[in-house]
Amino acid sequence: MSEAVELLSQYLGIDTTNPPGREDRGVEFLARILDREGIAYRTYEPRPGRASLRAEIPGSGERPPLILLNHIDVAPADPAEWSFDPFGGEVKDGFVHGRGALDMKGQGIMELMAVLNLKRQGLKPNRDLVFLAVADEEMGGAWGAKWLLEHHPEDFKAGLVLNEGGYVVKGLLPDRPVAMISAAEKGICWLKLTRTGPPGHGSLPHGDNALEKLTQALARLMAQDDPLTVTPIVAEYFRRLGRSWSFLGPYLEDGRPETLVNIISQSGLTALPQVSALLKNTHSLTVMKSGDKSNVIPSRAEAHLDVRLLPGRRAEDEIAHLRERLGDQGIAIEPLAVTESTQSIWDGGDFPTLADLMQKAFPEALVAPSLVFGASDSRFFRHQGVPSYGLCPVLIDMADVKMVHGLDEKISVENVEQGAQYFADLVQALCRT
Ligand SMILES: [Zn+2]
């Protein structure tokens, strides 16, 4: 068994389910390895159990530091629903099994191996190489990346951050996999909508029932179709995919966003949630609360919307737009959480190097910059102006991506070993050793 596979198996055996996290157990494991190798590190623990670790191989300072970022915590896993122990770390039939294999202890070990590799070679990089394993990504980073950047910004100055956010996906294109390198993430805008009205007896409808008014407004909102908007990163994404999707031909020829919108609408591709979310500010109704008696008209109704914003779309503009679509001035809209969309450049900087190496590792794949629908820790670094990219050199079927936060998560031994090699090559290229 290779060292990377063995370490991953042990790492997956440590339960760091968030909540509660207990990332200190993961930090202990990583620290033992770093101690053995003589690599200096620092740990942070803003709350008992919520630990993060920063290890460094000091460089010559010719370039600003490179941070290899990964999170220690994992999403919950119910053993009763799994066909193997989510925290067993079993290596069997060519796979390493366990919660976090893909998201993202597997990548954490690949990054760690690249650091160990550099240290063992005894080479001095032209920049500090930082391995950063953080707590609390799965719950928003308040005790992880967000906290670290707020409380120890001096430790996290960097010229480049590499993080989770893209796989090499089979099954999207008919003829070859797509290697996604995420350069942007949608913004988050969670809203609480409240409508009040006079209470009353259910037998005497008075026409201003808060619950009815709110559901009618939501129905108006949902009935309208959101327009398709082509942002620059999505324009580039489809330009690249057009090499395999011949129906995009007219768009490749004229490069006009309207052409892309027409083709996508007519092809029925918008029926795929993964496609429409690339082109729309989306709204999901996630919570409704009102009333507790069958014969009483409630005086208050509340709904929550999970709104995700395309790059460039400001939360306040989206809220104003939603207010209009709801068509009821009596509804109060309160933002619960707002994070603007973030992005890094894909037509310059280190992106071409990342893309070239990805192409070398997966010669048959089509490499494309991508937009992520969710939010990762990359956003905290992008807010500081640090270019951050999500990439994971793991070849996976589109259907298997559901193992992330889903059941029976596992990663192939081949992916672990090739991924470790990819990160080792990447570190060589970016640190010019
Ligand atoms: Zn993750």
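Here's a quick rundown of the structure. Remember, predicted model here, so these are calculated numbers, not experimental data.

Spanning 19 residues, helix α13 (residues 413-431) covers 27 Å between terminal C-alpha atoms, matching the ideal 27 Å at 1.5 Å per step. All buried positions along α13 are accounted for by N415, V416, G419, A420, Y422, F423, L426, V427, L430 and C431. Viewed along the axis of α13, the buried residues span an arc of 165°, placing them on a single side of the element. Once α13 ends, the next one or two residues include R432, with phi positive near 35°.

Each α-helix turn comprises 3.6 residues. Residues three or four places apart therefore point the same way. The element helix α1 (residues 3-12) is largely enclosed, with a buried count of 7 among its 10 residues. Buried within α1 we find A4, V5, L7, L8, S9, Y11 and L12. Buried residues along α1 sit against α2 (23-37), β4 (91-92), β5 (95-97), α3 (105-121) and α13.

This paragraph deals with the sheet that holds β5. Read across the sheet, 3 strands follow the order β4-β5-β20 without closing on themselves; strand pairing throughout is antiparallel. Bordering the open sheet on either side are β4 and β20 (410-412), each of which pairs with just one other strand. Alignment of β4 against β5, held across 2 bridges, turns out to be antiparallel. Within the sheet, the bridge partner assigned to K92 lies in β5 and is F95. The strands that α1 touches are β4 and β5; relative to β5, the one it contacts most, it runs at about 20°.

The interhelical angle for the contact between helix α5 (residues 210-223) and helix α10 (residues 315-326), taken along N-to-C directions, is 115°, at an axis separation of 8 Å. The pairing of α5 with α10 is recorded here as roughly perpendicular in orientation. Every residue of α10 that contacts α5 at A217, R220 and L221 is listed here: L322, R325 and L326. For the contact of α5 with α10, the per-class residue count stands at 4 nonpolar, no polar and 2 charged.

By the bridge criterion, 10 bridges tie strand β10 (residues 187-196) to strand β14 (residues 300-309) in an arrangement that is antiparallel. Directly across from L191, in β14, lies its bridge partner L305. Bridging between β10 and strand β15 (residues 331-339) involves 8 bridges; their strand directions are antiparallel. Counterpart to L193 in the pairing with β15 is I333.

What counts and what doesn't
Residues numbered from 1 in each chain as written. Predicted model: local features only at pLDDT ≥ 70, side-chain atom pairs only at ≥ 80, totals over all residues. Helix = DSSP H or I, 4+ residues; strand = E, 2+ residues; numbered from the N terminus. Expected span 1.5 Å × (residues − 1). Buried ≥ 20, exposed ≤ 12 C-beta atoms within 10 Å, placed from the backbone. Arc of directions from axis to C-beta. Contact = placed C-beta atoms within 7 Å. Pairing = 2+ DSSP bridges. Axes fitted to C-alpha atoms, helices over the stretch in contact; angles between N-to-C directions. Parallel < 35°, antiparallel > 145°, perpendicular 65-115°, else oblique. Nonpolar A, V, L, I, M, F, W, Y, C, P; charged D, E, K, R; others polar.

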